[in-house]
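# Geometric and topological summary
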Amino acid sequence: LGPIRGVKFSKREKDCLNLLVQSWTAREIAEFLNLSTRTVEHYLENIKCKLGCSRKSEIITTLLSPHYQS
């Protein structure tokens, strides 16, 4: 993913986002990044808040909208 207009993500949030858009589950992301699943879920919750999403499934759709693309 490239830069997203008006939204700042931490390095770990970006790591989780990049894997999420590749259809990885929170558990798979956690294992790959050597984090707990709960920590990954926390990062995904932060991402949802920053993007105004209520579900993980909305994240990708939101990121593809012209409003967020640089």
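What comes next is a walk through the structure. These numbers were taken from a predicted model, which means no experiment stands behind them. (Residues numbered from 1 in each chain as written. Predicted model: local features only at pLDDT ≥ 70, side-chain atom pairs only at ≥ 80, totals over all residues. Heavy atoms only, no water.)

## Comments concerning the overall build of the protein chain
- Scanning the protein chain from terminus to terminus reveals four helices and zero strands.
- Mapped in sequence order, the helices and strands of the protein chain form the string α-α-α-α.
- The proportion of buried residues among the 70 residues of the protein chain is 34%.
- Sequence separation of 24 or more characterises 47% of the internal contacts of the protein chain that already satisfy a separation of 6 or more.
- Entry remark: accessible area of the protein chain is about 4600 Å², with carbon and sulfur atoms responsible for 53%. (Helix = DSSP H or I, 4+ residues; strand = E, 2+ residues; numbered from the N terminus. Buried < 20%, exposed > 50% of the residue type's maximum accessible area, 1.4 Å probe, protein only. Contact = heavy atoms within 4.5 Å. Areas by Shrake-Rupley, 256 points an atom, 1.4 Å probe, with all protein chains shown as cover.)

In short, the description is geometric, and any link to function would need to be established separately.
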